[in-house]
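Here is how the chains run, residue by residue.
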Amino acid sequence: DGTAQANIGVVGMAVMGSNLARNLASREGNTVAIFNRSYEKTQTVLDAHPEAEFVPAKDYAEFAATLSKPRTAIIMVQAGKGTDAVITELTKVFEPGDIIVDGGNALFTDTIRREKAVRETGINFVGAGISGGEEGALKGPSIMPGGSAEAWETLGPILKSIAAVVDGEPCVTHVGTDGAGHFVKMIHNGIEYADMQLIAEAYDLIRRGTGKTPAEIADIFAEWNTGELESYLIEITAEVLRQVDASTGKPLVDVIVDQAGSKGTGVWTVQTSLDLGIPVSGIAEAVFARSLSSKPAQRAASSSLPGPSSEAFTPADPDAFIEGVRLALYASKVIAYSQGFDAIVAGAEEYNWDIKKGDIAKIWRGGCIIRARFLNRITDAYAENPGLVALVTAPFFVDVMAEAQTAWRNVVADAAKAGIPAPAFSSSLAYYDGLRADRLPAALVQGQRDFFGAHTYKRVDKDGTFHTLWSGDR
Ligand code: ATR
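Residues numbered from 1 in each chain as written. Predicted model: local features only at pLDDT ≥ 70, side-chain atom pairs only at ≥ 80, totals over all residues. Heavy atoms only, no water.

Visitor: Explanation requested: the overall build of the protein chain in the structure shown.
Guide: Secondary structure summary: the protein chain contains 19 helices and 9 strands in total. Relative to a compact globule of 474 residues, whose C-alpha radius of gyration would be 23 Å, the protein chain shows 25 Å and is just as compact. Along the longest, intermediate and shortest principal axes, the C-alpha atoms of the protein chain span 80 × 65 × 45 Å. Relative to its 474 residues, the protein chain shows a buried fraction of 48%. Put simply, of all contacts in the protein chain between residues at least 6 apart along the chain, 68% involve residues at least 24 apart. Just so you have it, the protein chain exposes about 22400 Å², and 53% of that area is on carbon and sulfur atoms. The distance from the centre of the 43 positive side-chain charges to the centre of the 59 negative ones in the protein chain is 4 Å. (Helix = DSSP H or I, 4+ residues; strand = E, 2+ residues; numbered from the N terminus. Rg over C-alpha atoms; globule rule 2.2 N^0.38 Å. Buried < 20%, exposed > 50% of the residue type's maximum accessible area, 1.4 Å probe, protein only. Contact = heavy atoms within 4.5 Å. Areas by Shrake-Rupley, 256 points an atom, 1.4 Å probe, with all protein chains shown as cover. Lys, Arg positive; Asp, Glu negative; His and termini not counted. Charge placed at Lys NZ, Arg CZ, Asp CG, Glu CD.)

Visitor: Is there a simple way to think about the site of the ligand in this case?
Guide: Taken together, the neighbourhood of the ligand is formed by 14 residues, with Asn36, Arg37, Ser38, Lys41 and Gln78 sitting nearest. At 2.9 Å, a side-chain N or O of arginine 37 approaches an oxygen atom of the ligand. Lysine 41 has a polar side-chain atom sitting 2.6 Å from an oxygen atom of the ligand. Across the complex, the protein chains shield 69% of the 640 Å² of accessible surface that the ligand would expose by itself. (Near = heavy atom within 4 Å. Polar contact = N/O pair within 3.5 Å; in protein donor to acceptor, adjacent residues only side chain to side chain.)

Visitor: What should I look at first to understand the packing of helix α8 (residues 180-210) against helix α14 (residues 318-351) in this one?
Guide: Packed helices, taken two at a time, are described by the angle their axes make and the gap between the axes. For the pair α8 and α14, interaxial distance at closest approach is 10 Å and the crossing angle is 165 degrees. Taken together, α8 and α14 sit at an angle that is classed as roughly antiparallel. The handedness of the crossing between α8 and α14 is right-handed. (Axes fitted to C-alpha atoms, helices over the stretch in contact; angles between N-to-C directions. Parallel < 35°, antiparallel > 145°, perpendicular 65-115°, else oblique. Left-handed = near helix turned anticlockwise from the far one by under 90°.)

Right under this line is the structure:
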(Lines give C-alpha, C1' and ligand atoms only; values in the text may rest on other atoms or scores of the structure.)
Protein backbone atom coordinates (compact mmCIF):
# COMPACT_ATOMS: atom_id res chain seq x y z
CA ASP A 1 0.00 0.00 0.00
CA GLY A 2 1.71 3.14 -1.24
CA THR A 3 0.04 5.43 1.31
CA ALA A 4 1.07 3.39 4.36
CA GLN A 5 4.33 5.24 4.76
CA ALA A 6 4.57 5.93 8.50
CA ASN A 7 5.96 3.36 10.95
CA ILE A 8 4.58 5.15 14.01
CA GLY A 9 1.73 7.54 14.71
CA VAL A 10 0.87 9.99 17.44
CA VAL A 11 -2.69 11.00 18.35
CA GLY A 12 -3.05 14.31 20.20
CA MET A 13 -1.05 17.36 19.14
CA ALA A 14 -1.06 19.30 22.41
CA VAL A 15 2.40 20.01 23.86
CA MET A 16 3.29 16.52 25.10
CA GLY A 17 2.02 14.80 21.94
CA SER A 18 3.68 17.16 19.49
CA ASN A 19 6.98 17.04 21.38
CA LEU A 20 6.93 13.25 21.46
CA ALA A 21 6.11 13.20 17.72
CA ARG A 22 9.05 15.53 17.03
CA ASN A 23 11.32 13.34 19.14
CA LEU A 24 10.20 10.28 17.14
CA ALA A 25 10.66 12.09 13.82
CA SER A 26 14.21 13.13 14.76
CA ARG A 27 15.32 9.49 15.03
CA GLU A 28 16.80 7.65 12.07
CA GLY A 29 14.33 5.45 10.25
CA ASN A 30 11.10 6.87 11.65
CA THR A 31 8.31 8.38 9.62
CA VAL A 32 5.67 9.78 11.93
CA ALA A 33 1.95 10.09 11.25
CA ILE A 34 0.14 12.72 13.31
CA PHE A 35 -3.51 13.25 14.14
CA ASN A 36 -5.50 15.56 16.37
CA ARG A 37 -9.26 15.69 16.92
CA SER A 38 -9.40 19.25 15.68
CA TYR A 39 -7.24 19.75 12.59
CA GLU A 40 -5.99 23.22 13.54
CA LYS A 41 -3.48 21.80 16.03
CA THR A 42 -2.19 19.38 13.38
CA GLN A 43 -1.78 22.27 10.94
CA THR A 44 0.05 24.35 13.54
CA VAL A 45 2.50 21.54 14.24
CA LEU A 46 3.02 20.93 10.49
CA ASP A 47 3.74 24.62 9.91
CA ALA A 48 6.08 24.95 12.87
CA HIS A 49 8.10 21.79 12.16
CA PRO A 50 8.55 21.10 8.46
CA GLU A 51 11.86 19.38 9.28
CA ALA A 52 9.93 16.55 10.97
CA GLU A 53 8.29 15.60 7.64
CA PHE A 54 5.15 14.53 9.46
CA VAL A 55 2.42 12.63 7.64
CA PRO A 56 -0.78 14.40 8.70
CA ALA A 57 -4.21 12.79 8.84
CA LYS A 58 -7.59 14.50 8.92
CA ASP A 59 -9.58 11.62 10.39
CA TYR A 60 -9.01 8.28 12.09
CA ALA A 61 -9.49 6.27 8.88
CA GLU A 62 -6.86 8.32 7.06
CA PHE A 63 -4.57 8.03 10.09
CA ALA A 64 -4.86 4.23 10.00
CA ALA A 65 -4.24 4.19 6.25
CA THR A 66 -0.98 6.13 6.60
CA LEU A 67 0.48 3.56 9.05
CA SER A 68 2.42 0.47 7.97
CA LYS A 69 1.54 -2.81 9.67
CA PRO A 70 1.55 -3.69 12.44
CA ARG A 71 0.14 -0.21 12.97
CA THR A 72 1.55 1.45 16.05
CA ALA A 73 0.03 4.59 17.53
CA ILE A 74 0.80 6.50 20.71
CA ILE A 75 -2.13 8.36 22.26
CA MET A 76 -1.22 11.62 24.01
CA VAL A 77 -4.56 13.19 24.84
CA GLN A 78 -6.39 14.38 27.90
CA ALA A 79 -6.44 11.48 30.39
CA GLY A 80 -9.78 9.84 31.15
CA LYS A 81 -12.60 10.52 28.69
CA GLY A 82 -10.26 11.71 25.95
CA THR A 83 -8.26 8.49 26.11
CA ASP A 84 -11.37 6.32 26.06
CA ALA A 85 -12.78 8.23 23.08
CA VAL A 86 -9.60 7.84 21.04
CA ILE A 87 -9.30 4.13 21.90
CA THR A 88 -12.86 3.58 20.72
CA GLU A 89 -12.15 5.30 17.40
CA LEU A 90 -8.79 3.59 16.83
CA THR A 91 -10.17 0.12 17.49
CA LYS A 92 -12.68 0.77 14.66
CA VAL A 93 -9.92 1.39 12.10
CA PHE A 94 -7.08 -0.80 13.42
CA GLU A 95 -6.72 -4.57 12.90
CA PRO A 96 -5.63 -7.53 15.01
CA GLY A 97 -1.89 -7.35 15.70
CA ASP A 98 -1.83 -3.54 15.65
CA ILE A 99 -0.68 -1.68 18.74
CA ILE A 100 -2.36 1.16 20.62
CA VAL A 101 -0.19 2.86 23.22
CA ASP A 102 -1.61 5.18 25.86
CA GLY A 103 1.22 7.52 26.83
CA GLY A 104 -0.93 9.64 29.14
CA ASN A 105 -1.09 9.65 32.92
CA ALA A 106 -3.79 6.99 33.23
CA LEU A 107 -4.78 5.38 36.49
CA PHE A 108 -3.38 1.84 36.25
CA THR A 109 -6.76 0.23 36.99
CA ASP A 110 -8.17 2.08 33.94
CA THR A 111 -5.26 0.68 31.94
CA ILE A 112 -6.03 -2.85 33.14
CA ARG A 113 -9.67 -2.36 32.09
CA ARG A 114 -8.74 -0.90 28.69
CA GLU A 115 -6.14 -3.57 27.98
CA LYS A 116 -8.69 -6.28 28.64
CA ALA A 117 -11.31 -4.67 26.39
CA VAL A 118 -8.92 -3.89 23.53
CA ARG A 119 -7.30 -7.35 23.69
CA GLU A 120 -10.67 -8.89 22.84
CA THR A 121 -10.45 -7.22 19.41
CA GLY A 122 -7.02 -8.79 18.81
CA ILE A 123 -5.39 -5.38 18.97
CA ASN A 124 -2.57 -4.89 21.49
CA PHE A 125 -2.99 -2.20 24.11
CA VAL A 126 0.00 -0.82 25.97
CA GLY A 127 -0.30 1.63 28.85
CA ALA A 128 3.03 3.46 28.98
CA GLY A 129 4.00 5.90 31.69
CA ILE A 130 6.09 8.73 30.24
CA SER A 131 7.98 11.02 32.59
CA GLY A 132 10.08 14.06 31.96
CA GLY A 133 7.54 16.74 31.18
CA GLU A 134 7.55 18.69 27.94
CA GLU A 135 11.31 18.76 27.62
CA GLY A 136 11.61 15.04 28.33
CA ALA A 137 9.03 14.24 25.66
CA LEU A 138 11.08 16.23 23.14
CA LYS A 139 14.62 15.27 24.09
CA GLY A 140 14.29 11.90 25.77
CA PRO A 141 11.90 10.83 28.52
CA SER A 142 11.92 7.89 30.89
CA ILE A 143 9.33 5.45 29.58
CA MET A 144 7.51 2.78 31.60
CA PRO A 145 5.49 0.57 29.23
CA GLY A 146 3.20 -2.25 30.30
CA GLY A 147 1.23 -4.49 27.93
CA SER A 148 2.04 -7.80 26.29
CA ALA A 149 5.48 -9.18 25.49
CA GLU A 150 4.34 -9.42 21.85
CA ALA A 151 3.62 -5.69 21.69
CA TRP A 152 6.96 -4.93 23.36
CA GLU A 153 8.77 -6.71 20.49
CA THR A 154 7.54 -4.12 18.01
CA LEU A 155 7.37 -1.21 20.38
CA GLY A 156 10.63 -1.76 22.26
CA PRO A 157 13.02 -0.60 19.53
CA ILE A 158 10.89 2.49 18.82
CA LEU A 159 10.70 3.49 22.48
CA LYS A 160 14.39 2.78 23.01
CA SER A 161 15.18 5.16 20.15
CA ILE A 162 13.42 8.11 21.81
CA ALA A 163 14.14 7.50 25.52
CA ALA A 164 16.77 9.27 27.58
CA VAL A 165 20.11 7.45 27.63
CA VAL A 166 22.29 6.93 30.73
CA ASP A 167 25.62 5.08 30.56
CA GLY A 168 24.67 3.90 27.08
CA GLU A 169 21.39 2.39 28.26
CA PRO A 170 18.00 3.74 27.18
CA CYS A 171 15.66 4.64 30.05
CA VAL A 172 12.90 2.23 29.04
CA THR A 173 12.12 -1.37 29.87
CA HIS A 174 9.10 -3.64 29.58
CA VAL A 175 7.82 -3.15 33.11
CA GLY A 176 5.21 -5.93 33.11
CA THR A 177 1.85 -6.82 31.61
CA ASP A 178 -1.32 -4.69 31.32
CA GLY A 179 -1.28 -1.86 33.90
CA ALA A 180 2.25 -2.43 35.26
CA GLY A 181 3.73 0.53 33.40
CA HIS A 182 1.17 3.03 34.60
CA PHE A 183 1.40 1.59 38.11
CA VAL A 184 5.15 2.17 38.22
CA LYS A 185 4.70 5.65 36.72
CA MET A 186 2.19 6.40 39.49
CA ILE A 187 4.70 5.34 42.16
CA HIS A 188 7.36 7.42 40.39
CA ASN A 189 5.10 10.45 40.78
CA GLY A 190 4.45 9.58 44.43
CA ILE A 191 8.19 9.50 45.11
CA GLU A 192 8.46 12.79 43.24
CA TYR A 193 5.92 14.33 45.66
CA ALA A 194 7.95 13.13 48.65
CA ASP A 195 11.23 14.32 47.16
CA MET A 196 9.82 17.78 46.44
CA GLN A 197 8.32 18.11 49.92
CA LEU A 198 11.58 17.01 51.57
CA ILE A 199 13.52 19.58 49.58
CA ALA A 200 10.93 22.24 50.51
CA GLU A 201 11.26 21.35 54.20
CA ALA A 202 15.06 21.55 53.95
CA TYR A 203 14.78 25.02 52.40
CA ASP A 204 12.31 26.18 55.07
CA LEU A 205 14.46 24.92 57.94
CA ILE A 206 17.58 26.56 56.58
CA ARG A 207 15.82 29.82 55.85
CA ARG A 208 14.05 30.10 59.20
CA GLY A 209 16.92 28.54 61.12
CA THR A 210 19.77 30.59 59.73
CA GLY A 211 18.12 33.62 58.15
CA LYS A 212 19.83 33.00 54.84
CA THR A 213 18.27 34.52 51.73
CA PRO A 214 16.77 32.41 48.94
CA ALA A 215 19.76 33.27 46.74
CA GLU A 216 22.17 32.10 49.46
CA ILE A 217 20.16 28.92 49.89
CA ALA A 218 20.29 28.45 46.11
CA ASP A 219 24.08 28.30 46.44
CA ILE A 220 23.72 25.64 49.14
CA PHE A 221 21.50 23.52 46.91
CA ALA A 222 23.85 24.00 43.97
CA GLU A 223 26.66 22.70 46.14
CA TRP A 224 24.58 19.75 47.36
CA ASN A 225 24.00 18.98 43.70
CA THR A 226 27.70 18.20 43.29
CA GLY A 227 27.51 15.39 45.88
CA GLU A 228 25.47 12.34 46.73
CA LEU A 229 22.19 14.31 46.52
CA GLU A 230 22.84 15.19 42.86
CA SER A 231 19.47 15.16 41.11
CA TYR A 232 17.25 17.07 38.75
CA LEU A 233 14.98 18.28 41.57
CA ILE A 234 17.89 19.67 43.63
CA GLU A 235 19.25 21.33 40.49
CA ILE A 236 15.98 23.08 39.60
CA THR A 237 15.40 24.03 43.25
CA ALA A 238 18.60 26.09 43.14
CA GLU A 239 17.36 27.81 39.99
CA VAL A 240 13.90 28.48 41.43
CA LEU A 241 15.41 29.98 44.61
CA ARG A 242 17.79 32.16 42.62
CA GLN A 243 15.01 33.61 40.46
CA VAL A 244 14.27 37.30 41.09
CA ASP A 245 10.80 38.69 40.35
CA ALA A 246 11.13 41.27 37.59
CA SER A 247 8.31 43.51 38.78
CA THR A 248 9.17 43.72 42.50
CA GLY A 249 12.84 42.82 42.65
CA LYS A 250 12.03 40.31 45.37
CA PRO A 251 12.99 36.64 45.32
CA LEU A 252 10.31 35.06 43.12
CA VAL A 253 9.66 32.37 45.74
CA ASP A 254 8.41 35.13 48.08
CA VAL A 255 5.94 36.39 45.49
CA ILE A 256 4.41 32.99 44.71
CA VAL A 257 1.25 32.13 46.68
CA ASP A 258 2.16 29.35 49.13
CA GLN A 259 -0.62 26.95 48.16
CA ALA A 260 0.54 23.86 46.29
CA GLY A 261 -1.64 22.31 43.62
CA SER A 262 -1.64 18.80 42.24
CA LYS A 263 -3.02 16.74 39.39
CA GLY A 264 -3.84 13.68 41.45
CA THR A 265 -1.11 11.10 40.90
CA GLY A 266 0.19 11.56 44.46
CA VAL A 267 -3.30 10.93 45.79
CA TRP A 268 -3.54 7.79 43.61
CA THR A 269 -0.24 6.52 45.00
CA VAL A 270 -1.43 6.92 48.57
CA GLN A 271 -4.93 5.53 47.93
CA THR A 272 -3.47 2.50 46.17
CA SER A 273 -0.86 1.96 48.87
CA LEU A 274 -3.53 2.11 51.57
CA ASP A 275 -5.42 -0.60 49.71
CA LEU A 276 -2.25 -2.68 49.42
CA GLY A 277 -1.44 -2.12 53.11
CA ILE A 278 1.88 -0.41 52.39
CA PRO A 279 2.95 2.50 54.61
CA VAL A 280 4.08 5.14 52.14
CA SER A 281 4.08 7.70 54.94
CA GLY A 282 6.60 10.06 53.37
CA ILE A 283 4.57 10.27 50.17
CA ALA A 284 1.33 10.62 52.13
CA GLU A 285 2.74 13.49 54.22
CA ALA A 286 3.82 15.21 51.02
CA VAL A 287 0.30 14.95 49.63
CA PHE A 288 -1.19 16.12 52.94
CA ALA A 289 1.25 19.04 53.10
CA ARG A 290 -0.06 20.26 49.73
CA SER A 291 -3.65 19.87 51.00
CA LEU A 292 -2.90 21.80 54.19
CA SER A 293 -1.21 24.59 52.22
CA SER A 294 -4.34 24.96 50.12
CA LYS A 295 -6.67 25.68 53.05
CA PRO A 296 -6.29 29.47 53.38
CA ALA A 297 -9.31 29.94 55.67
CA GLN A 298 -8.08 27.34 58.18
CA ARG A 299 -4.57 28.73 58.04
CA ALA A 300 -5.77 32.30 58.63
CA ALA A 301 -7.96 31.19 61.54
CA SER A 302 -4.99 29.35 63.05
CA SER A 303 -2.31 31.98 62.67
CA SER A 304 -2.56 33.12 66.30
CA LEU A 305 -2.44 29.62 67.79
CA PRO A 306 0.28 29.42 70.44
CA GLY A 307 3.75 28.39 69.32
CA PRO A 308 7.24 28.35 70.76
CA SER A 309 9.06 31.58 71.46
CA SER A 310 11.37 32.70 68.70
CA GLU A 311 14.46 31.98 70.84
CA ALA A 312 13.49 28.32 70.93
CA PHE A 313 15.63 27.70 67.89
CA THR A 314 18.90 29.34 67.02
CA PRO A 315 21.48 26.86 65.85
CA ALA A 316 24.79 27.56 67.57
CA ASP A 317 26.66 26.57 64.44
CA PRO A 318 24.67 27.41 61.29
CA ASP A 319 27.02 25.48 58.99
CA ALA A 320 26.72 22.36 61.12
CA PHE A 321 22.95 22.80 61.12
CA ILE A 322 22.88 23.05 57.32
CA GLU A 323 24.97 19.90 57.03
CA GLY A 324 22.52 18.22 59.42
CA VAL A 325 19.64 19.24 57.17
CA ARG A 326 21.47 17.77 54.19
CA LEU A 327 21.88 14.47 55.97
CA ALA A 328 18.25 14.50 57.12
CA LEU A 329 17.19 15.11 53.53
CA TYR A 330 19.33 12.25 52.27
CA ALA A 331 18.05 9.80 54.89
CA SER A 332 14.41 10.81 54.38
CA LYS A 333 14.83 10.49 50.62
CA VAL A 334 16.11 6.94 51.02
CA ILE A 335 12.96 6.21 53.07
CA ALA A 336 10.71 7.67 50.35
CA TYR A 337 12.29 5.40 47.75
CA SER A 338 12.23 2.42 50.10
CA GLN A 339 8.51 2.94 50.67
CA GLY A 340 7.88 3.47 46.96
CA PHE A 341 9.62 0.22 46.08
CA ASP A 342 7.62 -1.55 48.79
CA ALA A 343 4.49 -0.38 46.99
CA ILE A 344 5.87 -1.64 43.67
CA VAL A 345 6.60 -5.05 45.20
CA ALA A 346 3.10 -5.22 46.70
CA GLY A 347 1.46 -4.10 43.46
CA ALA A 348 3.42 -6.68 41.48
CA GLU A 349 2.26 -9.39 43.85
CA GLU A 350 -1.37 -8.25 43.81
CA TYR A 351 -1.59 -7.90 40.03
CA ASN A 352 0.79 -10.69 38.99
CA TRP A 353 3.45 -8.53 37.40
CA ASP A 354 7.02 -9.71 37.07
CA ILE A 355 8.64 -6.36 37.86
CA LYS A 356 12.43 -6.18 38.06
CA LYS A 357 13.08 -3.61 40.78
CA GLY A 358 16.66 -2.94 39.74
CA ASP A 359 15.54 -2.23 36.16
CA ILE A 360 13.00 0.30 37.42
CA ALA A 361 15.71 2.20 39.31
CA LYS A 362 17.79 2.05 36.11
CA ILE A 363 15.15 3.60 33.85
CA TRP A 364 14.58 6.37 36.40
CA ARG A 365 18.23 7.47 36.16
CA GLY A 366 17.53 9.69 33.17
CA GLY A 367 14.71 11.61 31.50
CA CYS A 368 12.33 11.65 34.43
CA ILE A 369 11.69 14.18 37.18
CA ILE A 370 13.16 12.04 39.99
CA ARG A 371 16.36 11.28 38.10
CA ALA A 372 19.19 11.19 40.58
CA ARG A 373 22.71 9.95 41.01
CA PHE A 374 21.80 7.63 43.87
CA LEU A 375 19.43 5.53 41.74
CA ASN A 376 22.53 3.58 40.68
CA ARG A 377 22.79 2.50 44.31
CA ILE A 378 19.24 1.14 44.21
CA THR A 379 20.00 -0.85 41.06
CA ASP A 380 23.15 -2.21 42.73
CA ALA A 381 21.23 -3.10 45.89
CA TYR A 382 18.66 -5.17 44.00
CA ALA A 383 21.36 -6.72 41.79
CA GLU A 384 23.20 -7.88 44.92
CA ASN A 385 20.03 -9.14 46.56
CA PRO A 386 16.91 -9.45 44.36
CA GLY A 387 14.92 -10.58 47.41
CA LEU A 388 15.76 -7.50 49.46
CA VAL A 389 12.76 -7.07 51.80
CA ALA A 390 13.27 -3.35 52.43
CA LEU A 391 15.54 -1.14 50.35
CA VAL A 392 16.77 0.73 53.41
CA THR A 393 18.29 -2.52 54.75
CA ALA A 394 20.71 -2.87 51.81
CA PRO A 395 24.31 -2.47 53.05
CA PHE A 396 24.91 0.78 51.21
CA PHE A 397 21.80 2.38 52.70
CA VAL A 398 22.54 1.03 56.17
CA ASP A 399 25.78 3.00 55.92
CA VAL A 400 23.86 6.09 54.85
CA MET A 401 21.59 5.73 57.88
CA ALA A 402 24.58 5.24 60.16
CA GLU A 403 26.07 8.47 58.87
CA ALA A 404 22.82 10.45 58.90
CA GLN A 405 20.63 9.29 61.74
CA THR A 406 21.97 11.45 64.56
CA ALA A 407 21.76 14.60 62.47
CA TRP A 408 18.32 13.55 61.22
CA ARG A 409 17.04 13.22 64.79
CA ASN A 410 18.50 16.58 65.77
CA VAL A 411 16.95 18.32 62.78
CA VAL A 412 13.51 16.80 63.47
CA ALA A 413 13.83 17.77 67.16
CA ASP A 414 14.98 21.31 66.27
CA ALA A 415 12.05 21.67 63.87
CA ALA A 416 9.59 20.52 66.54
CA LYS A 417 11.07 22.85 69.16
CA ALA A 418 11.04 25.77 66.78
CA GLY A 419 7.52 25.10 65.58
CA ILE A 420 8.62 24.69 61.97
CA PRO A 421 6.56 22.00 60.22
CA ALA A 422 8.69 19.18 58.81
CA PRO A 423 6.08 16.48 58.24
CA ALA A 424 8.02 14.46 55.68
CA PHE A 425 11.30 14.58 57.64
CA SER A 426 9.62 13.56 60.89
CA SER A 427 7.26 10.91 59.51
CA SER A 428 10.15 9.28 57.64
CA LEU A 429 12.13 9.16 60.88
CA ALA A 430 9.17 7.69 62.76
CA TYR A 431 8.80 5.05 60.03
CA TYR A 432 12.51 4.26 60.27
CA ASP A 433 12.34 3.84 64.03
CA GLY A 434 9.17 1.77 63.67
CA LEU A 435 10.97 -0.62 61.33
CA ARG A 436 13.93 -0.81 63.69
CA ALA A 437 11.95 -1.41 66.85
CA ASP A 438 12.43 -4.69 68.63
CA ARG A 439 8.92 -4.53 70.09
CA LEU A 440 6.12 -2.28 68.89
CA PRO A 441 3.12 -1.12 70.93
CA ALA A 442 1.04 -2.99 68.35
CA ALA A 443 0.85 -5.63 71.10
CA LEU A 444 -1.19 -3.20 73.17
CA VAL A 445 -3.41 -2.39 70.19
CA GLN A 446 -4.10 -6.12 69.81
CA GLY A 447 -5.03 -6.25 73.50
CA GLN A 448 -7.41 -3.34 73.07
CA ARG A 449 -8.97 -4.96 70.02
CA ASP A 450 -9.47 -8.19 71.89
CA PHE A 451 -10.94 -6.31 74.84
CA PHE A 452 -13.70 -4.49 73.02
CA GLY A 453 -14.27 -6.68 70.02
CA ALA A 454 -12.99 -10.16 70.90
CA HIS A 455 -10.73 -9.83 67.84
CA THR A 456 -8.27 -12.33 69.40
CA TYR A 457 -4.47 -12.15 69.44
CA LYS A 458 -1.44 -14.37 68.98
CA ARG A 459 1.13 -15.11 71.68
CA VAL A 460 4.91 -14.88 71.52
CA ASP A 461 5.38 -18.20 73.33
CA LYS A 462 2.92 -20.61 71.69
CA ASP A 463 0.97 -21.14 68.45
CA GLY A 464 -2.73 -20.55 68.16
CA THR A 465 -5.28 -17.79 68.51
CA PHE A 466 -6.22 -16.49 71.93
CA HIS A 467 -8.99 -14.51 73.57
CA THR A 468 -8.87 -13.27 77.13
CA LEU A 469 -11.93 -13.07 79.38
CA TRP A 470 -11.32 -9.44 80.25
CA SER A 471 -12.84 -8.04 83.41
CA GLY A 472 -14.87 -5.77 81.12
CA ASP A 473 -16.60 -8.81 79.58
CA ARG A 474 -20.16 -9.36 80.65
P1 ATR B 1 -2.64 19.97 27.41
O2 ATR B 1 -2.89 20.05 28.88
O3 ATR B 1 -1.18 19.90 27.04
O4 ATR B 1 -3.45 20.91 26.57
P5 ATR B 1 -4.38 17.72 27.48
O6 ATR B 1 -5.49 18.57 27.98
O7 ATR B 1 -3.87 16.61 28.32
O8 ATR B 1 -3.15 18.55 26.97
O9 ATR B 1 -4.84 17.11 26.11
C10 ATR B 1 -5.35 17.91 25.09
C11 ATR B 1 -5.40 17.03 23.86
O12 ATR B 1 -6.37 16.01 24.06
C13 ATR B 1 -5.81 17.79 22.63
O14 ATR B 1 -5.04 17.31 21.58
C15 ATR B 1 -7.27 17.41 22.49
O16 ATR B 1 -7.77 17.51 21.17
P17 ATR B 1 -8.35 18.92 20.65
O18 ATR B 1 -7.17 19.71 20.22
O19 ATR B 1 -9.21 18.53 19.49
O20 ATR B 1 -9.12 19.53 21.77
C21 ATR B 1 -7.23 15.99 22.93
N22 ATR B 1 -8.53 15.47 23.29
C23 ATR B 1 -9.25 15.76 24.38
N24 ATR B 1 -10.43 15.08 24.38
C25 ATR B 1 -10.44 14.35 23.24
C26 ATR B 1 -11.36 13.44 22.65
N27 ATR B 1 -12.54 13.15 23.23
N28 ATR B 1 -11.03 12.86 21.48
C29 ATR B 1 -9.87 13.15 20.89
N30 ATR B 1 -8.95 13.99 21.38
C31 ATR B 1 -9.23 14.59 22.54
